[in-house]
Amino acid sequence: MPLFPSRKKDKRVKTEQLTENTEDLPDSANQRNAMEQNGASGGQPALPNQSSPASSPGGVYGTAVPPRGPYYGKDKRPRLVFHCQLAHGSPTGKIEGFTNVEELYKAIGEAFAMPADQIIFCTLNTHKIDMQRLLGGQIGLEDFIFAHIKSYSKEVEVLKSEPALGLTITDNGAGYAFIKRIKENSIMDREKDVNVGDHVEAINGKSMVGCRHFEVARTLKELPQGARFTMTLVEPRKAFAEIGPRQSKSAPAQAASTPSESQVKSGKETLRLRSKGPATIEAIPSAFEERAIKKVDDLLESYMGIRDEELAATMVEFGKDKGNPNEFAAAMDENLADFAFPDEFVFDVWGAITDAKAGRI
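Bear in mind that the values here come from a model prediction, so they are computed numbers and not experimental data.

> Looking at this structure, I do not really get the pairing of strand β6 (residues 167-171). What am I missing?
Sheet faces and side chains relate simply in a regular strand, where the side chains alternate between the two faces. Burial analysis of β6 places five of its five residues in the buried class, the great majority of the element. Going residue by residue along β6, you find Leu167, Ile169 and Asp171 tucked away on one face and Thr168 and Thr170 tucked away on the opposite face as well. Relative to strand β7 (residues 177-182), β6 is paired through five bridges, and the arrangement is antiparallel. Its bridge partner being in β7, Ile169 is matched across the sheet by Ile179.

In structure tokens form, the structure reads like this:
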């Protein structure tokens, strides 16, 4: 007997662009003072000649362009302004007037006089390739944005000797899927040219640009065991100080804090980016929601080979007020039909939400 007898499988709607959430950094009085001195606390504009924590030896992009016009919208209300640097090194620019990730990348491109499609992903409050601090659908009102742009492409030939490759894929919400995690002792862990943060540009010559993370993960999963295949990857550009021996792929390298990292903090409210409608300011998730989101994100990786905290947060939002699993399944079909989640996954997600609500996890 099916888990959800009344669940409709044929309803297709365009899903919302959903990306990774972010993890807040600790706050302190010293960070606040440093932010105010650096002009990046949101009240005083950052100076155009401000330098990055890890200056790059030259480069094509890096000249910050001050935003044009006053910081007020047509409705005469102040517009939110965020400070941004290129992760490999640049002056500080100011970003405003965006309501979704694509508009954010376009604003960053305009601020630094570069094409928006150069950006692979952004991190919050660190210039390092730290997958725990990815910018997603929410930005703290005092977060500092670091944009990681393309460096060089490379082709890697891989033998799929086991059923699982050991990759976890995510995407930036603007057309680029990239590697978030590489399982230790997996096939991909043995490929030394494959790294966390690499954009998956093509598989066997077929472009993955514009594909969501679950589509890229599905393509890799459907490759037959025993076959050789080619991946075209694009590395994010690194600051000179970060270039060195390969680090562990299961966790970000632990390094000393840079001056810029000591000057940034995250606020207790976030700007929620949406693909439809204006961005909204929301409170940070409750303790129950945080527990549920983490568990649902783990389920996404287990079932689909992707991690997406913003997608997990959306599912929790759909389920937290539902009275039974059938109501939850109907909400999933109505809003996230393009993912074609199996009944077993939907049932496990419902269980995670109810367990978190009851304090069992």
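> Help me out: how do you make sense of the nonpolar core in this one?
Nonpolar side chains in soluble globular proteins generally cluster together in the buried interior. Counting 52 residues, the largest nonpolar core has Ile108, Ile145 and Leu220 as the members making the most contacts within it. Among the elements that take part in this core, helix α2 (residues 101-111) stands out by supplying six residues, more than any other. Ignoring anything within four residues of it in the chain, the contact list for Ile145 reads Phe82, His83, Cys84, Gln85, Leu104, Ile108, Cys122, Thr123, Leu124, Leu135 and Ile139. If you look at the next biggest cluster of nonpolar residues, it comprises 30 residues, including Phe288, Trp350, Ala352 and Ala356.

> Got a minute to help me understand the environment of Ile108 in this structure?
Here Ile108 shows up in helix α2. In sequence terms Ile108 and Phe146 are 38 residues apart; their C-alpha atoms lie 9.8 Å from each other. Ignoring anything within four residues of it in the chain, the contact list for Ile108 reads Cys84, Ile95, Met114, Ile119, Cys122, Ile145 and Ala147.

> It is not clear to me how the pairing of strand β8 (residues 199-203) should be interpreted in this structure. Could you clarify?
Summarising burial for β8: four of the five residues are buried, a large majority. Sheet analysis places β8 next to strand β10 (residues 228-236), joined by four bridges and oriented antiparallel. What sits directly across from Val200, in β10, is Leu233. Note that β8 and strand β9 (residues 206-207) share two bridges and pair antiparallel. Residue pairing in the sheet places Ile203 in a bridge with Lys206 of β9. If you look at the hairpin formed by β8 and β9, you'll find two residues sitting between the two strands, and Asn204 has a positive phi there, around 50°.

> It is not clear to me how the side chain of His148 should be interpreted in this structure. Could you clarify?
Here His148 lies in strand β5 (residues 145-159). Contact partners of His148, with chain neighbours within four places excluded, come to Ala87, Gln118, Ile119, Ile120, Phe121, Cys122, Thr123, Thr126, His127, Lys128, Ile129 and Pro236.

> Is there a simple way to explain the side chain of Lys150 in this structure?
Considering the arrangement of structural elements, one finds Lys150 in strand β5. The buried charged residue Lys150 lacks any salt bridge partner; its closest oppositely charged side chain belongs to Glu201, at an N-O distance of 4.7 Å. Within the structure, the side chain of Lys150 is placed 2.9 Å from the side chain of Tyr176, a separation counted as a polar contact. Beyond its immediate stretch of four places on either side in the chain, Lys150 contacts Asp117, Gln118, Ile120, Tyr176, Val234, Glu235 and Arg237.

> Mind showing me how you'd approach helix α7 (residues 343-357) here?
Given 3.6 residues per turn, any residue in an α-helix points the same way as the ones three and four places further on. Helix length check: α7, at 15 residues, gives a terminal C-alpha distance of 21 Å against a target of 21 Å (1.5 Å per residue), a fit within 8%. Buried within α7 we find Asp343, Phe345, Val346, Val349, Trp350, Ala352, Ile353 and Ala356. Buried residues belonging to α7 abut α4 (287-304), α5 (309-319) and α6 (325-336).

> Honestly, α4 in this entry has me stumped. Any pointers?
Between its first and last C-alpha atoms α4 spans 26 Å; for 18 residues at 1.5 Å apiece the expected length is 26 Å, and the two agree. Looking at α4, one finds that the buried residues are Phe288, Glu289, Ala292, Ile293, Val296, Asp297, Leu299, Leu300 and Met304. Taken end-on, α4 shows its buried residues confined to a sector of 160°, consistent with a single buried face. The exposed residues of α4 that point more than 90 degrees off its buried face are Lys294 and Ser302. Buried residues along α4 sit in contact with α3 (213-221), α5 and α7.

> Explain the packing of aromatic side chains here, please?
Each aromatic ring pair is specified by the distance between its two centres and by the angle formed by the two planes. Using the criterion set out here, one finds eight aromatic pairs in the structure. A centroid spacing of 5.1 Å and a plane angle of 35° characterise the contact between Phe144 and Phe146, whose relative ring orientation is tilted. The exposure classification of Phe144 matches that of Phe146, with both residues buried. Ring centres 5.1 Å apart and planes at 75° place the aromatic pair Tyr303 and Phe345 in the edge-to-face group. Taken together, the residues span a long stretch of sequence, with Tyr303 in helix α4 and Phe345 in helix α7 at a distance of 42 residues. Note on Tyr303: relative accessible area 30%, which makes it partly exposed.

What counts as what
- Residues numbered from 1 in each chain as written.
- Predicted model: local features only at pLDDT ≥ 70, side-chain atom pairs only at ≥ 80, totals over all residues.
- Heavy atoms only, no water.
- Buried < 20%, exposed > 50% of the residue type's maximum accessible area, 1.4 Å probe, protein only.
- Helix = DSSP H or I, 4+ residues; strand = E, 2+ residues; numbered from the N terminus.
- Pairing = 2+ DSSP bridges.
- Core = buried A, V, L, I, M, F, W, Y, C linked by side-chain atoms within 4.5 Å.
- Contact = heavy atoms within 4.5 Å.
- Lys, Arg positive; Asp, Glu negative; His and termini not counted.
- Salt bridge = Lys/Arg side-chain N within 4 Å of Asp/Glu carboxyl O.
- Polar contact = N/O pair within 3.5 Å; in protein donor to acceptor, adjacent residues only side chain to side chain.
- Expected span 1.5 Å × (residues − 1).
- Arc of directions from axis to C-beta.
- Phe/Tyr/Trp six-rings, centres within 6.5 Å; stacked < 30°, edge-to-face > 60°.

Everything listed is a geometric property; what it means functionally is a separate question.
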